[in-house]
Amino acid sequence: MDLGKLSGTFTAKDYVGNLDSADYYKFELNQTRNFLANLKGISNPVSMYLYRDANENGIIDSGEQVTYRYGSSDSSISQILTAGSYFLTVENYNSTRYNLNLSIS
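Residues numbered from 1 in each chain as written. Predicted model: local features only at pLDDT ≥ 70, side-chain atom pairs only at ≥ 80, totals over all residues. Heavy atoms only, no water.

Caption draft 1: Expanded view of the pairing of strand S4 (residues 33-40). In this sheet, strand S7 (residues 75-81) lies alongside S4 in antiparallel orientation, the contact comprising seven bridges. In the sheet register, Ala 37 faces S7, and the bridge partner there is Ile 77. Sheet topology places S4 next to strand S9 (residues 96-104); six bridges connect them, and they run antiparallel. Considered in S9, the bridge of Asn 38 is made with Asn 101. (Pairing = 2+ DSSP bridges. Helix = DSSP H or I, 4+ residues; strand = E, 2+ residues; numbered from the N terminus.)

Here it is, written out as C-alpha coordinates:
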(Lines give C-alpha, C1' and ligand atoms only; values in the text may rest on other atoms or scores of the structure.)
Protein backbone atom coordinates (compact mmCIF):
# COMPACT_ATOMS: atom_id res chain seq x y z
CA MET A 1 0.00 0.00 0.00
CA ASP A 2 1.47 3.37 -1.00
CA LEU A 3 0.82 5.88 1.78
CA GLY A 4 2.54 8.78 0.02
CA LYS A 5 3.98 11.45 2.31
CA LEU A 6 3.40 10.19 5.84
CA SER A 7 2.09 12.77 8.27
CA GLY A 8 0.49 12.24 11.64
CA THR A 9 -0.78 8.70 12.15
CA PHE A 10 -1.79 5.86 9.82
CA THR A 11 -3.74 2.84 11.14
CA ALA A 12 -4.36 -0.51 9.44
CA LYS A 13 -6.10 -3.73 10.45
CA ASP A 14 -4.98 -6.59 8.22
CA TYR A 15 -4.01 -10.24 7.98
CA VAL A 16 -0.96 -12.26 6.95
CA GLY A 17 -0.72 -16.01 6.47
CA ASN A 18 0.28 -18.74 4.05
CA LEU A 19 -1.76 -17.30 1.13
CA ASP A 20 -0.79 -13.68 1.84
CA SER A 21 2.49 -13.90 3.73
CA ALA A 22 3.60 -10.24 3.50
CA ASP A 23 2.00 -6.80 3.55
CA TYR A 24 3.96 -3.81 2.26
CA TYR A 25 3.51 -0.20 3.33
CA LYS A 26 5.46 2.40 1.36
CA PHE A 27 5.79 5.95 2.65
CA GLU A 28 7.86 9.07 2.12
CA LEU A 29 9.33 11.65 4.47
CA ASN A 30 10.33 15.11 3.28
CA GLN A 31 12.51 15.82 6.32
CA THR A 32 14.13 14.06 9.28
CA ARG A 33 11.39 12.83 11.64
CA ASN A 34 10.80 10.55 14.60
CA PHE A 35 9.09 7.39 13.33
CA LEU A 36 7.12 4.87 15.39
CA ALA A 37 5.50 1.63 14.18
CA ASN A 38 3.37 -0.33 16.66
CA LEU A 39 2.16 -3.83 15.84
CA LYS A 40 -0.53 -5.26 18.14
CA GLY A 41 -3.15 -7.97 18.31
CA ILE A 42 -1.09 -10.79 16.79
CA SER A 43 -1.64 -14.46 17.65
CA ASN A 44 1.41 -15.97 15.89
CA PRO A 45 5.00 -14.76 15.51
CA VAL A 46 5.37 -11.90 13.03
CA SER A 47 8.36 -10.18 11.44
CA MET A 48 8.26 -6.43 10.90
CA TYR A 49 10.98 -4.95 8.65
CA LEU A 50 11.83 -1.32 7.89
CA TYR A 51 13.72 -0.52 4.68
CA ARG A 52 15.00 2.76 3.19
CA ASP A 53 14.82 2.90 -0.60
CA ALA A 54 18.37 4.29 -0.82
CA ASN A 55 18.60 4.22 -4.62
CA GLU A 56 14.99 5.46 -5.11
CA ASN A 57 14.12 2.66 -7.55
CA GLY A 58 10.80 1.85 -5.85
CA ILE A 59 11.74 -1.69 -4.78
CA ILE A 60 13.44 -3.28 -1.79
CA ASP A 61 17.04 -4.11 -2.64
CA SER A 62 19.79 -5.91 -0.75
CA GLY A 63 21.42 -3.67 1.83
CA GLU A 64 18.42 -1.36 2.32
CA GLN A 65 17.17 -2.87 5.60
CA VAL A 66 17.19 -0.33 8.44
CA THR A 67 15.92 -2.57 11.26
CA TYR A 68 13.49 -5.37 12.08
CA ARG A 69 11.50 -6.88 14.93
CA TYR A 70 10.30 -10.45 15.38
CA GLY A 71 7.97 -11.73 18.04
CA SER A 72 4.71 -13.29 19.09
CA SER A 73 3.50 -10.34 21.16
CA ASP A 74 3.14 -6.62 20.62
CA SER A 75 6.24 -5.09 19.08
CA SER A 76 7.38 -1.71 17.86
CA ILE A 77 10.05 0.09 15.89
CA SER A 78 11.11 3.53 17.04
CA GLN A 79 13.67 5.25 14.81
CA ILE A 80 14.80 8.69 13.69
CA LEU A 81 14.50 8.65 9.89
CA THR A 82 15.99 11.05 7.36
CA ALA A 83 14.12 12.35 4.32
CA GLY A 84 13.47 9.69 1.68
CA SER A 85 11.30 6.73 0.70
CA TYR A 86 10.71 3.80 3.04
CA PHE A 87 8.97 0.43 3.14
CA LEU A 88 7.58 -1.27 6.22
CA THR A 89 6.69 -4.94 5.79
CA VAL A 90 4.70 -7.25 8.05
CA GLU A 91 5.45 -10.94 7.37
CA ASN A 92 4.18 -14.27 8.69
CA TYR A 93 3.62 -17.74 7.22
CA ASN A 94 1.15 -18.74 9.94
CA SER A 95 -2.23 -17.06 9.96
CA THR A 96 -2.62 -13.99 12.13
CA ARG A 97 -4.51 -10.74 12.12
CA TYR A 98 -2.79 -7.57 13.25
CA ASN A 99 -3.30 -3.91 14.06
CA LEU A 100 -0.62 -1.54 12.81
CA ASN A 101 -0.11 2.09 13.77
CA LEU A 102 2.48 4.23 12.03
CA SER A 103 3.21 7.73 13.28
CA ILE A 104 5.74 10.48 12.82
CA SER A 105 6.53 13.50 14.93
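Caption draft 2: Molecular detail of the nonpolar core. Judged by nonpolar contacts, the single largest core of 24 residues is most densely connected at Tyr 25, Phe 27, Phe 35, Leu 88, Leu 100 and Leu 102. Secondary structure elements with two or more residues in this core: strand S2 (9-16), strand S3 (22-29), S4, strand S5 (46-52), S7, strand S8 (84-91) and S9. Broken down by element, this core gets its largest block of residues, four residues, from S9. Non-local contacts of Leu 88, meaning those with residues more than four positions away in its chain, are made with Asp 23, Tyr 24, Tyr 25, Phe 27, Phe 35, Ala 37, Met 48, Tyr 49, Leu 50, Ile 77, Leu 100 and Leu 102. (Core = buried A, V, L, I, M, F, W, Y, C linked by side-chain atoms within 4.5 Å. Buried < 20%, exposed > 50% of the residue type's maximum accessible area, 1.4 Å probe, protein only. Contact = heavy atoms within 4.5 Å.)

Caption draft 3: Representation of the side chain of Glu 64. The residue Glu 64 is located in the loop between S5 and strand S6 (65-71) in this model. The buried charged residue Glu 64 lacks any salt bridge, with Arg 52 as its nearest oppositely charged partner at 7.3 Å. For Glu 64, the side chain forms a polar contact with the main-chain nitrogen of Ala 54, separated by 3.1 Å. Here the side chain of Glu 64 touches Asp 61 through a polar contact of 2.9 Å, landing on its backbone nitrogen. (Lys, Arg positive; Asp, Glu negative; His and termini not counted. Salt bridge = Lys/Arg side-chain N within 4 Å of Asp/Glu carboxyl O. Polar contact = N/O pair within 3.5 Å; in protein donor to acceptor, adjacent residues only side chain to side chain.)

Caption draft 4: Local environment of the environment of Lys 40. Within the secondary structure, Lys 40 sits in strand S4. You can call Lys 40 partly exposed: its relative accessible area is 39%.

Caption draft 5: Region of the structure containing unusual backbone geometry. Here Glu 56, not a glycine, exhibits a phi torsion of approximately 55 degrees, which is positive. By the element assignment, Glu 56 lies in the loop between S5 and S6. Residue classification places Glu 56 among the partly exposed residues on the basis of a relative accessible area of 47%.

Caption draft 6: Main features of the side chain of Thr 89. Mapping Thr 89 onto the fold places it in strand S8. At 3.1 Å, the side chain of Thr 89 forms a polar contact with the side chain of Glu 91.

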